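Breakdown of the fold
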Amino acid sequence: MGAVPTLLLVIVLAFFLVHSVPGGPFDSERVLPPEIEQVLLERYDLDDPVPVQLAKYLGNLLKGDFGPSYRSTLNVNQIIAQRFPASLAIGGLAMTLALAAGLMLGTWAALRHNSRLDRVVTGLAMTGISIPIFVVAPALVLIFAVYLNWLPAGWTVSPGPAKYVLPVVALALPQIAYITRLTRASMIDVLQSGYVRTARAQGLGTAAIVRHHALKPALLPVVSYLGPAIAGILTGSVVIESVFGIPGLGEGFVTAAFNRDYLQVMGIVVLYAALVVLLNLLADVLYGLLDPRVRYE
Amino acid sequence: MSFEGLTLTRLATNRTVRVSGGIIAAIAVVAIVAPLLSPNHYMAVNFEAVLQPPGLAGLHLFGTDDLGRDQFVRTMMGVRVTLVVAIVASIVSLVIGVIYGAVAGYVGGRVDAVMMRFVDTLYAMPFIFFVILLTVIFERNFVLIFVAIGAINWLDMARIVRGQTLSLKERPFLEAARLTGVPTMAIIRRHIAPNLIGIVIVYVTLTIPQAILVESFLSFLGLGIQEPETSLGSLVDLGVDHMESSPWMLIIPGGLLAVILLCFNFLGDGLRDVFDARQSR
């Protein structure tokens, strides 16, 4: 169980990074009267030695309190609560789309190994991995919103569900490509194994073989990829939210980093790290359920 | 034929390697030579020729940007910066990764367990967010970008080198070398290093596109290379601002970036086929 130490390391590292900044967060503004500065420092616990501050921060985190924001009247919890739903909806939909499309395309290509279709899918997958998300997203906007005018380009201008299409597709594309490659490779392996040959010899059709015998073992590499996939989606969401003007966490992170609102930055980093760690944990559990050779003591 | 000879022959006959390597080389040569030949300078502002479409007028092959600067020369400068950042960052990750992985693999035991545990822990971190934080805290600076990207990408290299070293250590020819009294340093130099080169070359080739991605990602967010210098990422960022009126400003640098990344990925795949022939499926 590496989850807790990983999370702790992320928090401590981020904390020391933030506190290694020369001067406090209020330095850049005009010189404050000493009394006001003292009040500010006390309000944000900045007058304590750094280890004490860290202990206080960790203690508050345990209570689910991310602390105040340096720049906003809202505290970090409120900011996250405000920004999380949009990010969660887009990220969740993109992840679902990536899994569904990736698994189908990969299996399809594997069943027609070395055919022209297989080569087309593999080539497309390689292209999908190679084209960066910040090129894909504007290109999609240019084609589908500006030229064809089928879908809205912005977030705030349209109320309907159509506004989800372009951001979700753009965010999912690289992950679809990865999952397709993973599924194809492992499916080809599994389809060549002895028990699939036995099943075929017993007269089972391709669909039944895939469903009952091949799918479960072929899923294993995809399950291991869940952690990196969520990390990729979180990174991509920074770009997607800035291109489409979505007021989500990714956009909040960049804005906070530019404004040097360190507690908000830390809150988002901690939340992201927790999400990645959680998905890795989930992947481990799923792996154990799918693979009878893995047993947890 | 010797092992080296065989590898070279396979390299030359592998079509993926030839084509993708050739395209990268061609782009690199044009990026180095073309700005020297063009009459336009990449910093020269011309408010009388703003946002011109690609054409031969004034020899603006890719048009001009919102300040009337020549997009062709700027794109080529961007390719230069992008390639240099990626190669230097890859070398940083190569040095860290190979030393770390080889030590962990060769020493083995508890040291190995602790070292790889550390790598696993780092793997779970949302690194790009630390890089964003770093670039904001320490102001933007070229060297920092190299170091940050290298620091992200060494993990894969360390894992792969460690695995390879671990399996090499148990091979009979290494046991024989140890038994006949070859000193440790000579074993590493003569027997381990040559066997690592292939896989290291493959993974460096695959690290380069990752480094390009991180650099252009940072530049796209406005955290990377600073004006008037440019990189493909910052050109794409600028292109997004003007994509409705001047789509070529987005399409050309974005397309070029995609082609470079695609070629490096194909090159890495092809090289893996060449060097990994024994283990290839």
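A separate point is the overall build of chain A. When helices and strands are tallied, chain A shows 12 helices and 0 strands. In sequence order, the secondary structure elements of chain A are arranged as α-α-α-α-α-α-α-α-α-α-α-α. With respect to the principal axes defined by its C-alpha atoms, chain A has extents near 85 × 60 × 30 Å. For chain A, the proportion of its 297 residues judged to be buried stands at 45%. For chain A, contacts bridging at least 24 residues in sequence account for 72% of all contacts bridging at least 6. A total of about 14,700 Å² of accessible surface is found on chain A, and carbon and sulfur atoms cover 66% of it. Each charge class in chain A can be summarised by its mean position, and for the 19 positive and 17 negative side chains these summaries are 21 Å apart.

With that settled, the discussion passes to the domain arrangement of chain A. Frequently, the measure chosen for interface size is the accessible area removed from exposure when the parts meet. Residue and element names in this part refer to chain A. Along its sequence, chain A is carved into domain 1 (3-62) and domain 2 (80-290). When each unit is reduced to the centre of its C-alpha atoms, the spacing between domain 1 and domain 2 is 36 Å. Across the contact, 12 residues belong to domain 1 and 11 residues belong to domain 2. Together, the buried faces of domain 1 and domain 2 total about 1,000 Å²; carbon and sulfur atoms form 90% of this surface. Linking domain 1 with domain 2 are 0 salt bridges, by the criterion used here. For the interface between domain 1 and domain 2, the tally reads 0 residue pairs in polar contact (both at pLDDT 80 or more). Going through the elements one at a time, α1 (3-19) and α3 (50-62) are the ones with two or more residues in the side of domain 1 that touches domain 2. Element by element, the count of residues in the side of domain 1 that touches domain 2 is highest for α1, at 8 residues. Partitioned by chemical class, the residues of the side of domain 1 that touches domain 2 number 11 nonpolar, 1 polar and no charged.

What follows is about the packing of aromatic side chains. What the rule picks out here adds up to 5 aromatic pairs over all chains. Both rings, one in F15 of chain A and one in F16 of chain A, keep their centres 6.1 Å apart while their planes meet at 85°; by these two values the pair is edge-to-face. Overall, F16 of chain A belongs to the partly exposed group, its relative accessible area being 40%. Consider the rings of F134 of chain A and F220 of chain B, whose centres lie 5.0 Å apart with planes at 20°: the pair is stacked. Within this pair, whereas F134 of chain A is found in helix α6 (residues 133-147), its partner F220 of chain B is found in helix α8 (residues 184-220), the two belonging to separate chains. Looking at F134 of chain A, the relative accessible area reads 1%, which means it is buried. Ring pairs connect the aromatic residues F15, F16 and Y57 of chain A, which therefore count as one cluster.

Next up on the list: the interface of chain B and chain A. Contacts between the two partners involve 40 residues from chain B and, on the opposite side, 45 residues from chain A. Between chain B and chain A, a total of about 3,600 Å² is buried, with carbon and sulfur atoms accounting for 81% of that surface. Broken down residue by residue, the surface that chain B buries against chain A is led by F129, L133 and I137 of chain B, which jointly contribute 17%. At the junction of chain B with chain A, the criterion picks out 0 salt bridges. Only α4 (109-123), α5 (127-137), α8, α9 (232-241) and α10 (248-275) of chain B provide two or more residues apiece to the side of chain B that touches chain A. A total of 10 residues in the side of chain B that touches chain A trace back to one element, the largest contributor, which is α10 of chain B. Class assignment for the residues of the side of chain B that touches chain A results in 28 nonpolar, 6 polar and 6 charged.

Residues and elements named next belong to chain B. One can describe the packing of helix α3 (residues 71-107) onto α10 by two numbers: an axis separation of 11 Å at closest approach and a directional angle of 30°. Relative to α10, α3 is oriented roughly parallel. By crossing handedness, the relation of α3 to α10 is classed as right-handed. Contact residues: Q71, T75, M76, V79 and L83 in α3; M249, L256, I260 and F264 in α10. A class-by-class count of the residues in the contact of α3 with α10 yields 7 nonpolar, 2 polar and no charged.

Let's shift gears to the packing of α8 of chain B against α10 of chain B. Residue and element names in this part refer to chain B. Following both chains from N to C, one finds α8 and α10 inclined at 165°, their axes separated by 8 Å at the closest point. Here α8 lies roughly antiparallel to α10, going by the angle between them. Considering the relative orientation of α8 and α10, their crossing is left-handed. For the pair formed by α8 and α10, the contact residues are G198, I201, V202, Y203, T205, L206, I208, P209, I212, L213 and S216 on the first element and L257, I260, L261, F264, N265, L267, G268, D269, L271, R272 and F275 on the second. Of the residues assigned to the contact of α8 with α10, the class counts are 15 nonpolar, 5 polar and 2 charged.

In this section: the environment of S245 of chain B. Residue and element names in this part refer to chain B. By the element assignment, S245 lies in the loop between α9 and α10. Each C-alpha atom of the pair S245 and Y106 lies 59 Å from the other, and the pair is 139 residues apart in sequence. A distance of 3.3 Å separates the side chain of S245 from the side chain of S246, its partner in a polar contact.

Before going further, it helps to spend a moment on helix α7 (residues 165-191) of chain A. In α7 of chain A, a bend of some 35° at L173 of chain A exceeds every other bend along the element, and P174 of chain A, a proline, comes one to four places later. In terms of burial, α7 of chain A is a largely internal element, 19 of the 27 residues being buried.

Rules of the game
Residues numbered from 1 in each chain as written. Chains lettered and ligands numbered in written order. Predicted model: local features only at pLDDT ≥ 70, side-chain atom pairs only at ≥ 80, totals over all residues. Heavy atoms only, no water. Helix = DSSP H or I, 4+ residues; strand = E, 2+ residues; numbered from the N terminus. Buried < 20%, exposed > 50% of the residue type's maximum accessible area, 1.4 Å probe, protein only. Contact = heavy atoms within 4.5 Å. Areas by Shrake-Rupley, 256 points an atom, 1.4 Å probe, with all protein chains shown as cover. Lys, Arg positive; Asp, Glu negative; His and termini not counted. Charge placed at Lys NZ, Arg CZ, Asp CG, Glu CD. Domains from an automatic or database assignment. Buried area = accessible area lost by both parts, 1.4 Å probe. Salt bridge = Lys/Arg side-chain N within 4 Å of Asp/Glu carboxyl O. Polar contact = N/O pair within 3.5 Å; in protein donor to acceptor, adjacent residues only side chain to side chain. Nonpolar A, V, L, I, M, F, W, Y, C, P; charged D, E, K, R; others polar. Phe/Tyr/Trp six-rings, centres within 6.5 Å; stacked < 30°, edge-to-face > 60°. Axes fitted to C-alpha atoms, helices over the stretch in contact; angles between N-to-C directions. Parallel < 35°, antiparallel > 145°, perpendicular 65-115°, else oblique. Left-handed = near helix turned anticlockwise from the far one by under 90°. Bend = angle between axes of the 7 residues up to and from the residue.

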